[in-house]
Amino acid sequence: MARESANAPYLRNAWYVALFDDELEKGLLARTIMDEPIAFFRDASGKVCAIEDRCCHRGAALTDGKVIETGLQCGYHGLVFNGKGECVEIPGQDAIPPMAKVKYYPVVERHEIVWIWMGDPKLADESQIVDWPFHKGGATPLPHRKACMPIHANYLMMIDNLMDLTHLGYVHTKTIGGNPRAHVNAEMNTVRTERGCKYVRWMLDSVPPPTYVKGAGFKGKVDRWQEFEYVLPGLVLQWSGALELGKGARENRNQEGFHLRLFHAITPATENRSYYFWSTANGYRTDDPQATEDMYQEIYPTFVEDVDIMANQQARIDLDPHRPLLNIKADNALHHARRAFMAAYEAEQAMTRQAAE
Ligand code: FES
Ligand SMILES: [Fe+2]
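Residues numbered from 1 in each chain as written. Chains lettered and ligands numbered in written order. Predicted model: local features only at pLDDT ≥ 70, side-chain atom pairs only at ≥ 80, totals over all residues.

Q: Looking at this structure, I do not really get the overall build of the protein chain. What am I missing?
A: Per the secondary structure count, the protein chain includes 6 helices and 18 strands. The C-alpha atoms of the protein chain give 22 Å as radius of gyration, which agrees with the globular expectation for 357 residues (21 Å, within 12%). Seen along its three principal axes, the alpha-carbon backbone of the protein chain occupies a region of about 75 × 50 × 35 Å. The contacts of the protein chain with a sequence gap of at least 6 include a subset with a gap of at least 24, amounting to 57%. (Helix = DSSP H or I, 4+ residues; strand = E, 2+ residues; numbered from the N terminus. Rg over C-alpha atoms; globule rule 2.2 N^0.38 Å. Contact = placed C-beta atoms within 7 Å.)

If you want it as structure tokens, here you go:
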């Protein structure tokens, strides 16, 4: 059993969010994932490609080059690479030697999200990609806005954060926080799922927060919930909402009321740096673009508060990453998530050892 550290290791055979489609508007983007510099570009057919961002000639960054008809052209001496990382052109010579290639990564663009597979390409199974139906092209699209924030912390720190909402009343006092006790005492039930775990927190018969009143026009109290599903390694799917009292929210949440759908994806850049991708969908005033914008503007500073806490937390953890951390009752869902992650990690390690034998 690997010794548990706050800094989680990389799970390689999994799909990670590499970028949102609108980040590639200029056609070329550099991003480091799991310590590997990667060049993302759209080829002439519009397909997103991901190849190693290091030219095999003299090691220049391919993202210093440009996209041309035949692929990505190195900005130093003009070698051109296609989406499979194969060199297709060397200026001044006809023969292309076999070692003229760079690593490539399987990528899939689906519903505004570009996913990357960091493990063995032979194992890249597209059916494992999590569906987010609220984006364009999805089954139930909603108005939404999305963002990518760099985090100075290990990727699972953000999962810890999302799986323990008792921090709301302390970190987010200036934004969505509310009374710490209401959060600590919320009724909560965590269950393991095939690929992680999931919890629903119920705040029954409660006063709706101002955002909810503004969003759905509640006149009185509500039954409010927060559902968070962790899908390992780096995803959390959130459904926060509220219905007027008496509507039977616990039996059926799919009724008119307040519905906020949030997609959170965390991708490791290095051991203690990550990308935090999030997308917030407006499921309460779908015909009002200002409502979508207002929610985005409200959530953005909230997440900055988390990002700031985590940067200082990571700096402390890095001084002694294996020093044990204290467990308290509020960590229950977080531990379910960490255990699910570690089980998958151990399985991957065992598979790698087996393959090497
Ligand atoms: S370093 Fe890329 S072509 Fe020379
Ligand atoms: Fe937070």
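Q: Just to check I follow, could you spell out the nonpolar core for this structure?
A: One broad trend across soluble globular proteins is that nonpolar side chains are buried collectively. Membership of the largest hydrophobic core comes to 84 residues, with the highest contact counts inside it found for Ala-18, Ile-116 and Met-158. For this core, the domains that each give at least three residues are domain 1 (15-128) and domain 2 (144-349). Beyond its immediate chain neighbours, meaning those up to four positions away, Met-158 contacts Ile-151, Ala-153, Ile-266, Ser-274, Tyr-276 and Met-310. (Core = buried A, V, L, I, M, F, W, Y, C linked by C-beta atoms within 7 Å. Buried ≥ 20, exposed ≤ 12 C-beta atoms within 10 Å, placed from the backbone. Domains from an automatic or database assignment.)

Q: Whenever I open this one, the domain arrangement of the protein chain confuses me. Can you help?
A: Accessible area lost when the parts come together is the quantity often used to give the size of an interface. By domain assignment, the protein chain separates into domain 1 (15-128) and domain 2 (144-349). Computed from C-alpha atoms alone, the centre-to-centre distance between domain 1 and domain 2 is 33 Å. Taken together, the contact pairs 9 residues of domain 1 with 9 residues of domain 2. Of all the elements in the fold, those that place two or more residues in the side of domain 1 that touches domain 2 are strand S1 (15-20) and strand S2 (28-33). Looking at the side of domain 1 that touches domain 2, the element that brings in the most residues is S1, giving 4 residues. Counted by class, the side of domain 1 that touches domain 2 contains 6 nonpolar, 1 polar and 2 charged residues. (Nonpolar A, V, L, I, M, F, W, Y, C, P; charged D, E, K, R; others polar.)

Q: Would you explain helix H6 (residues 332-356) in this entry?
A: In an α-helix, one turn spans 3.6 residues, which is why side chains three or four residues apart end up on the same side. Between its terminal C-alpha atoms H6 stretches 36 Å, which fits the 36 Å expected from 25 residues at 1.5 Å a residue. Taken residue by residue, H6 has Ala-333, Leu-334, His-336, Ala-337, Arg-338, Ala-340 and Phe-341 as its buried positions. Structurally, H6 contributes buried residues whose contacts are with helix H1 (155-162), strand S13 (187-193), strand S14 (196-206) and strand S15 (222-231). (Expected span 1.5 Å × (residues − 1).)

Q: Please explain the pairing of strand S16 (residues 235-244) as it appears in this structure.
A: Moving residue by residue along a regular strand, the side chains alternate between the two faces of the sheet. Of all 10 residues making up S16, 7 are buried, and the element is well covered by its neighbours. Direction of pairing for S15 relative to S16: antiparallel, over a ladder of 10 bridges. Each bridged residue has a counterpart across the sheet, and for Val-222 the counterpart in S16 is Glu-244. Adjacent in sequence and paired antiparallel, S15 and S16 are bridged by 3 residues. Across 8 bridges, S16 lies against strand S17 (residues 258-270) in antiparallel orientation. Each residue of the ladder has a partner; that of Ala-242, found in S17, is Phe-258. (Pairing = 2+ DSSP bridges.)

Q: Looking at this structure, I do not really get the sheet that holds strand S8 (residues 87-89). What am I missing?
A: Pairing between the strands of a sheet comes from backbone hydrogen bonds, and it takes one of two forms, parallel or antiparallel. Spatial ordering of the open sheet is given by S5-S6-S7-S8, a layout of 4 strands whose pairing is antiparallel. Two strands in the sheet have a free side with no partner beyond their single neighbour: strand S5 (66-68) and S8.

Q: Could you clarify how one ought to interpret H1 in this entry?
A: A large share of H1 lies buried, amounting to 8 of its 8 residues. Restricting attention to buried positions, one finds in H1 the residues Tyr-155, Leu-156, Met-157, Met-158, Ile-159, Asp-160, Asn-161 and Leu-162.

Q: Just checking my understanding: could you explain the packing of H1 against helix H5 (residues 289-319) for this structure?
A: Running from amino to carboxyl end, H1 crosses H5 at an angle of 125°, the nearest separation of the two axes being 11 Å. By the angle between their directions, the pair H1 and H5 is classed as oblique. Seen from above, H1 lies across H5 with right-handed handedness. Contact residues: Met-157, Met-158 and Asn-161 in H1; Asp-306, Met-310, Gln-313 and Gln-314 in H5. Of the residues in the contact of H1 with H5, the class split is 3 nonpolar, 3 polar and 1 charged. (Axes fitted to C-alpha atoms, helices over the stretch in contact; angles between N-to-C directions. Parallel < 35°, antiparallel > 145°, perpendicular 65-115°, else oblique. Left-handed = near helix turned anticlockwise from the far one by under 90°.)

Q: Before we go on, may I ask you to explain the sheet that holds strand S18 (residues 273-282) in this structure?
A: Read across the open sheet, the 7 strands follow the order S12-S18-S17-S16-S15-S14-S13; overall the sheet is antiparallel. Sheet topology places strand S12 (144-151) and S13 at the edges, where each strand pairs with a single neighbour. Between one strand axis and the next, the sheet turns through 15° on average, direction left out of account. Pairing of S12 with S18, which is carried by 8 bridges, proceeds in the antiparallel orientation. Residue pairing across strands places Pro-150 opposite Tyr-275, the latter belonging to S18. Each of S12, S17 and S18 is contacted by H5, which is oriented at about 15° to S12, the strand it contacts most. Contacts from H6 reach S13, S14 and S15 within the one sheet, and its direction differs from that of S14 by about 165°.

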